[in-house]
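The chain contents come next:
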Amino acid sequence: MTAAAAIDAARFRAVLGHFCTGVAVVTGHDGTAPVGFACQSFAALSLDPPLVLFCPSRNSGSWPVIERSGSFAVNVLSEEQQELSAVFGARGVDKFASVPWQPGPSGAPLLDGALTWLDCSVETVHPAGDHYVVIGRVRALGAEATDHGAPLLFYRGQYAATRAQTELDTLYDWPRPDDWL
């Protein structure tokens, strides 16, 4: 029995569910139609050069279109956008039918109401199990949102919310270690 066979997929998902993630929508445009999907496997990778990563499923219908176009946008969702997350998490629907958006610098859709966005070019793609690891070079940034509310989070299989931290909540003055962005 291999190590992978010894790990139960449902339990693996449940254990990983204890790690809270933000929810973003990765979008692209092939010159004909916009595409996009909800993504919780998005992260900052490097400041110099500015790189991010996300991990689309090998079964994604949107990813091949984005890969061929060579560019994408990451739309960081606010807690008020749970319904939008559900739309972009579904298969086989016209995800942009009722979603207002504007083209970003690369032409990839920037969703109205997102906390902020990043416009990127595909740098490299690595196969990884049933997903791909996509590294993108950031080409343009959205505004630093201050009035759009809190981020949409996913925790233990459901949406979650944050609250603002007060001075009394702060137990540690976190340094900025070299290995953090």
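The structure we're discussing is the one just above.
Residues numbered from 1 in each chain as written. Predicted model: local features only at pLDDT ≥ 70, side-chain atom pairs only at ≥ 80, totals over all residues. Heavy atoms only, no water.

Trainee: Requested: an account of the packing of aromatic side chains, with residues and values cited.
Mentor: Given two aromatic rings, one states the distance between the centres and the angle between the planes to describe the pair. With the rule as written, the count across this model stands at five aromatic pairs. Both rings, one in F54 and one in F72, keep their centres 4.9 Å apart while their planes meet at 65°; by these two values the pair is edge-to-face. With F54 in strand β5 (residues 51-54) and F72 in strand β6 (residues 71-76), this pair connects stretches of sequence that are 18 residues apart. Here the two residues F54 and F72 agree in accessibility, since each one is buried. Grouped by ring-pair contacts, the aromatic residues F37, F54, W63 and F72 constitute a single cluster. Seen from the ring of Y132, R58 lies directly overhead, with NZ or CZ sitting 4.8 Å from the centre. (Phe/Tyr/Trp six-rings, centres within 6.5 Å; stacked < 30°, edge-to-face > 60°. Helix = DSSP H or I, 4+ residues; strand = E, 2+ residues; numbered from the N terminus. Buried < 20%, exposed > 50% of the residue type's maximum accessible area, 1.4 Å probe, protein only. Lys NZ or Arg CZ within 6 Å of the ring centre and 35° of its normal.)

Trainee: Please set out the sheet that holds β6 residue by residue, giving values where relevant.
Mentor: In spatial order, the strands read β3-β2-β6-β9-β10-β5-β4; together these seven strands make up an open sheet with antiparallel pairing. At either end of the open sheet lies a strand with only one pairing partner, and these are β3 (34-39) and β4 (42-46). The average undirected angle you get between the axes of adjacent strands in this sheet is 35°. Where β5 and strand β10 (residues 131-141) come together, four bridges link them in antiparallel fashion. Its bridge partner lying in β10, L53 is registered against I135. On top of the sheet, helix α3 (residues 82-89) reaches β2 (24-29) and β3; it is set at about 115° to β3, its chief contact. (Pairing = 2+ DSSP bridges. Axes fitted to C-alpha atoms, helices over the stretch in contact; angles between N-to-C directions. Contact = heavy atoms within 4.5 Å.)

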